[in-house]
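A structural walkthrough
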Amino acid sequence: GDSVTQMEGPVTLSEEAFLTINCTYTATGYPSLFWYVQYPGEGLQLLLKATKADDKGSNKGFEATYRKETTSFHLEKGSVQVSDSAVYFCALTESGGSYIPTFGRGTSLIVHP
Amino acid sequence: IAGITQAPTSQILAAGRRMTLRCTQDMRHNAMYWYRQDLGLGLRLIHYSNTAGTTGKGEVPDGYSVSRANTDDFPLTLASAVPSQTSVYFCASKKEGRGTEAFFGQGTRLTVV
């Protein structure tokens, strides 16, 4: 079945550091790829997405590029802020069938001043 | 404000009791989902519904049931709660299609004692 693998956390950074959170996927078809963010005590919300190969999703300084050849969708940000501290989930929605979102296990990001 | 509403926000439940978690959305989305979130395990799908009148089993359906009598409501019932069902439960909805984002409720924190 479909699956998403994310790097283990927590990731701890100082403010203004560069962020990379790795995400790879396994899918039988041609999925769409997503990053969601969960702030403490809240539900998940969409951060960015990409629906086809080589597309780059971006939002709030975060970016991720859909790499079909490496089945990856790594999240990056050039300069993190304390307010970026949250849990980040990589997810996919498969083409064909029920389009059920499949999530990775989440990566906790802690940014220190 | 459009979105998904879950109730209750938190609950302490005695083992063996029956409990229904409520979920209502006003976005007219056809697809709805129930996930549980556990530390280190991420989000796991319990049940889903692609449209009113239909439901399906997810990754961890045992001990849970759902119904979808109309588009807006998707209640999750624990027939006889057990401590392993202690978790945070999220309801989500989305439009059909692989490129559409999921919208999440704020979650229900359930403790079974």
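I will try to describe carefully the structure that is included in this document. (Residues numbered from 1 in each chain as written. Chains lettered and ligands numbered in written order. Predicted model: local features only at pLDDT ≥ 70, side-chain atom pairs only at ≥ 80, totals over all residues. Heavy atoms only, no water.)

Right, let's get into the layout of surface pockets. By volume, the largest pocket amounts to about 720 Å³. Taken together, 31 residues make up the lining of the largest pocket; nearest its centre are Gln38, Val87 and Phe89 of chain A together with Gln37 and Leu39 of chain B. The set of elements that each furnish at least two residues to the lining of the largest pocket consists of strand E1 (3–6), strand E10 (86–93) and strand E12 (107–112) of chain A together with strand E4 (31–38), strand E9 (87–94) and strand E11 (108–112) of chain B. What the second largest pocket holds in volume is close to 320 Å³. Lining the second largest pocket are 15 residues, with Thr102 and Phe103 of chain A together with Leu43, Arg44 and Glu59 of chain B sitting closest to its centre. Secondary-structure elements contributing two or more residues to the lining of the second largest pocket are E1 and strand E11 (101–103) of chain A together with strand E5 (42–49) of chain B. (1 Å grid on protein atoms, 1.4 Å probe; cavity = no way out; pocket = protein on both sides within 12 Å on 5 of 7 lines; lining within 4 Å. Points joined across faces, edges and corners; volume = space filled by probe spheres on them. Helix = DSSP H or I, 4+ residues; strand = E, 2+ residues; numbered from the N terminus.)

Bringing the interface of chain B and chain A into the picture now. Accessible area lost on assembly of the parts is the figure often given for the size of an interface. In this assembly, 21 residues from chain B lie in contact with 24 residues from chain A. Taken together, the two surfaces of chain B and chain A that pack against each other cover about 1800 Å², and 54% of this comes from carbon and sulfur. Of all residues in chain B, Leu43, Arg98 and Phe104 of chain B give up the largest surface area on contact with chain A, accounting jointly for 33% of the area buried on that side. There are ten residue pairs in polar contact (both at pLDDT 80 or more) connecting chain B and chain A. Put simply, the parts of the chain that give the side of chain B that touches chain A at least two residues each are E4, E5 and E9 of chain B. Of all the elements, E5 of chain B adds the most residues to the side of chain B that touches chain A, at four residues. Within the side of chain B that touches chain A, the residues separate by chemical class into nine nonpolar, nine polar and three charged. (Contact = heavy atoms within 4.5 Å. Buried area = accessible area lost by both parts, 1.4 Å probe. Polar contact = N/O pair within 3.5 Å; in protein donor to acceptor, adjacent residues only side chain to side chain. Nonpolar A, V, L, I, M, F, W, Y, C, P; charged D, E, K, R; others polar.)

Moving on: the sheet that holds strand E9 (residues 75–77) of chain A. Residues and elements named next belong to chain A. Read across the open sheet, the four strands follow the order E3-E9-E8-E7; overall the sheet is antiparallel. Each edge of the open sheet is held by one strand with a lone partner, namely strand E3 (19–21) and strand E7 (56–59). Between one strand axis and the next, the sheet turns through 15° on average, direction left out of account. Judged from the three bridges that link them, E3 and E9 form a sheet pairing that is antiparallel. By the bridge assignment, Ile21 is partnered in E9 with Leu75. (Pairing = 2+ DSSP bridges. Axes fitted to C-alpha atoms, helices over the stretch in contact; angles between N-to-C directions.)

Attention shifts here to unusual backbone geometry. The step from Gly9 of chain A to Pro10 of chain A runs through a cis peptide bond, and the omega angle for that step is 0°. Tracing the sequence through the fold places Pro10 of chain A in the loop between E1 and strand E2 (11–14). The peptide bond linking Ala7 of chain B to Pro8 of chain B adopts the cis configuration, its omega dihedral lying at -5°. By the secondary structure assignment, Pro8 of chain B is in the loop between strand E1 (4–7) and strand E2 (10–13). Of note, Lys60 of chain A is a non-glycine position whose phi angle comes to about 55°, a positive value. Secondary-structure assignment places Lys60 of chain A in the loop between E7 and strand E8 (62–65). Residue class for Lys60 of chain A comes out exposed when judged on its relative accessible area of 53%. Although it is not a glycine, Arg28 of chain B sits at a positive phi angle of roughly 60°. Given a relative accessible area of 56%, Arg28 of chain B falls into the exposed group. (Buried < 20%, exposed > 50% of the residue type's maximum accessible area, 1.4 Å probe, protein only.)

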